[in-house]
Amino acid sequence: MNVRQVSHLYSLLRPSNIQEIYSPLLSSHQVRLFVKRDDAIHSVISGNKWRKIKHLLHHVEQSGFSKVASMGGRYSNFLHALSYVCKHLNWHCDCYVRGYPQQSFTPMLQDIKGWGARLIFCDKQEFRNIRQQAPNLPKDVFWIPEGGFSELAVKGVKETFYELPLDKNAGFDYLVSAAATGTTLAGYLKGIEQLKRNVRIVGVRVLNNDDEIEEKVRQLTKKSINSTEFDLVRGYEFGGFAKRDERLEQFITSFESIHAIPIEPVYSGKSFFATFDLIQQGYFKPGSRILLVHCGGLQGKRT
Ligand SMILES: Cc1ncc(COP(=O)(O)O)c(C=O)c1O
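Being a predicted model, the structure only gives us computed values, none of them experimental.

**Student:** Honestly, the nonpolar core in this entry has me stumped. Any pointers?
**Tutor:** Among the nonpolar cores identified, the biggest contains 30 residues, and Ile45, Leu57 and Val68 are the most heavily contacted of them. Per-element accounting of this core gives the leading share, 8 residues, to helix H4 (residues 77–89). Residue contributions to this core reach at least three from each of two domains, namely domain 1 (3–44 + 152–301) and domain 2 (48–149). Sequence-distant contacts of Val68, that is, excluding residues within four places in its chain, are made with Val60, Leu82, Cys86, Trp91, His92, Cys93, Asp94, Val141, Phe142 and Ile144. The next biggest cluster of nonpolar side chains, apart from the first, holds 28 residues, and it includes Leu25, Val31, Leu278 and Ile290.

Pasting the structure below:
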């Protein structure tokens, strides 16, 4: 298969559904909440992943490469999705992973290895170094930055806006999403800019990386983003990346049993928790319609 064929196969599953959530909390605060089910795009390349990698892969192919390398943590959804697509494209994929080979393999690493990608483990310092500067790679290997951080990924995420209703009355006042590298937020901001939508973007920070997100969004959108252009909500990190507590776990169990939408503790659990908490605090204007994007990552539910 080539990238166009893979793209065609997966785009059959888009646009993803928009599902309304009903709860007494929402009616008492006079807001309506909708979930964009990007998690249902595909079982592996779900959420923001296909949006992020689609244009990157086209670019790699058009540039004549069939070998890629990228980096991520032991639970990386990005490396997981990338290595899966590479298997279908019959491309070579090198994954630089923060960790040690003697640590137990996460389900993601097992999958990645099973799909034929090569795992290259790096310690903390080496990982930091390749974040600053890509490793020395053979000339025929294309480097993809961590989490797909690039303008091409932004372009793919921006296309989410093409899937939203045009009708003024069916539009949204807020779009809420989990935020880690900021690439996804940058894509939404570009969508608003291009389609001239009056939607307030709310990013829920899922790891303690102070100031990094704003800086990265600025880099990707090539403009001086200031706090008037989007809200970055802090206080829902639950201790940091992939950390959780009982409150979060209870929320996830209760949300899943009431609404029958699966969420996980690393990204969607935190952004969904934050949305409900912000509604409770009266953060969203009465009468507003909120779109909460389910960015996927459900494969990370496995331990
Ligand atoms: C499931 C999921 N949701 C949200 C995000 C946050 O995306 P970004 O790093 O673009 O901020 C990620 C990371 O890519 C993710 O895997």
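**Student:** Looking at this structure, I do not really get helix H3 (residues 48–62). What am I missing?
**Tutor:** Residues spaced three or four apart along an α-helix face the same direction, because each turn holds 3.6 residues. With 15 residues, H3 extends 22 Å between its outermost C-alpha atoms, agreeing within 8% with the 21 Å of an ideal straight helix rising 1.5 Å per residue. Looking at H3, one finds that the buried residues are Asn48, Lys49, Trp50, Arg51, Lys52, Ile53, Lys54, His55, Leu56, Leu57, His58 and Val60. Residue Gly64 follows H3 closely and has a positive phi angle near 85°.

**Student:** What exactly am I supposed to notice about the environment of His259 here?
**Tutor:** In this structure, His259 sits in helix H10 (residues 246–259). Not counting residues up to four positions away in its chain, the partners in contact with His259 are Gln19, Ile21, Tyr22 and Phe276.

**Student:** Looking at this model, I keep getting lost on the site of the ligand. Mind explaining?
**Tutor:** The ligand sits among 15 residues. The nearest are Lys49, Lys52, Ala180, Thr181 and Thr184. At 2.9 Å from an oxygen atom of the ligand is found a side-chain nitrogen or oxygen belonging to Asn77. Here an oxygen atom of the ligand and a side-chain polar atom of Thr184 are 2.6 Å apart. Coverage of the ligand by the protein chains reaches 97% of its 390 Å² of free accessible surface. More than half of the atoms belonging to the ligand lie within 2 Å of the grid points that define the largest pocket. Of all elements in the fold, only H3, strand E7 (174–179) and helix H8 (183–195) reach the threshold of two or more residues within the shell around the ligand. The biggest single contributor to the shell around the ligand is H3, with 3 residues. Grouping the amino acids of the shell around the ligand by side-chain chemistry returns 5 nonpolar, 8 polar and 2 charged. Counting contributing residues, the shell around the ligand receives three or more from each of domain 1 (3–44 + 152–301) and domain 2 (48–149).

**Student:** How should the layout of surface pockets be read in this particular structure?
**Tutor:** Which parts of space are left empty comes out when a probe the size of a water molecule is rolled across the atoms. Estimated volume of the largest pocket: approximately 1200 Å³. Taken together, 45 residues make up the lining of the largest pocket; nearest its centre are Gly73, Arg131, Glu146, Leu207 and Phe241. Among the secondary structure elements, those contributing two or more residues to the lining of the largest pocket are H3, strand E3 (67–72), H4, helix H6 (124–132), E7, H8 and helix H9 (212–221). With 4 residues, H6 is the single largest residue contributor to the lining of the largest pocket. Split into classes, the residues belonging to the lining of the largest pocket amount to 16 nonpolar, 17 polar and 12 charged. As a volume, the second largest pocket reaches approximately 320 Å³. Around the second largest pocket, the lining comprises 16 residues; the ones closest to its centre are Arg131, Gln132, Glu146, Phe149 and Lys216. Contributing elements (two or more residues each) for the lining of the second largest pocket: H6 and H9. Of the residues that constitute the lining of the second largest pocket, the class distribution is 6 nonpolar, 4 polar and 6 charged. Each of two domains, domain 1 (3–44 + 152–301) and domain 2 (48–149), supplies a minimum of three residues to the lining of the second largest pocket.

**Student:** It is not clear to me how the domain arrangement of the protein should be interpreted in this structure. Could you clarify?
**Tutor:** The parts lose accessible area when they come together, and the size of an interface is often stated as this lost area. Structurally, the protein comprises domain 1 (3–44 + 152–301) and domain 2 (48–149). The distance between the C-alpha centroids of domain 1 and domain 2 comes to 24 Å. Contacts between the two partners involve 31 residues from domain 1 and, on the opposite side, 23 residues from domain 2. Carbon and sulfur atoms supply 62% of the area buried between domain 1 and domain 2, which totals about 2500 Å² over both sides. Contact with domain 2 buries surface across domain 1, with Val3, Val44 and Gln299 losing the most and accounting together for 27% of the total. Along the contact surface separating domain 1 from domain 2 lie 3 salt bridges.

**Student:** Which parts of the structure should I look at to understand the environment of Ile120?
**Tutor:** Inspection of the secondary structure assignment puts Ile120 in strand E5 (residues 118–122). Separated by 11 residues in sequence, Ile120 and Leu109 have C-alpha atoms that sit 11 Å apart. Excluding residues that lie within four positions of it along the chain, Ile120 makes contacts with Asp94, Cys95, Tyr96 and Val97.

Calculation notes
- Residues numbered from 1 in each chain as written.
- Predicted model: local features only at pLDDT ≥ 70, side-chain atom pairs only at ≥ 80, totals over all residues.
- Heavy atoms only, no water.
- Core = buried A, V, L, I, M, F, W, Y, C linked by side-chain atoms within 4.5 Å.
- Buried < 20%, exposed > 50% of the residue type's maximum accessible area, 1.4 Å probe, protein only.
- Helix = DSSP H or I, 4+ residues; strand = E, 2+ residues; numbered from the N terminus.
- Domains from an automatic or database assignment.
- Contact = heavy atoms within 4.5 Å.
- Expected span 1.5 Å × (residues − 1).
- Near = heavy atom within 4 Å.
- Polar contact = N/O pair within 3.5 Å; in protein donor to acceptor, adjacent residues only side chain to side chain.
- Areas by Shrake-Rupley, 256 points an atom, 1.4 Å probe, with all protein chains shown as cover.
- 1 Å grid on protein atoms, 1.4 Å probe; cavity = no way out; pocket = protein on both sides within 12 Å on 5 of 7 lines; lining within 4 Å.
- Sits in = over half its atoms within 2 Å of the grid points.
- Nonpolar A, V, L, I, M, F, W, Y, C, P; charged D, E, K, R; others polar.
- Points joined across faces, edges and corners; volume = space filled by probe spheres on them.
- Buried area = accessible area lost by both parts, 1.4 Å probe.
- Salt bridge = Lys/Arg side-chain N within 4 Å of Asp/Glu carboxyl O.

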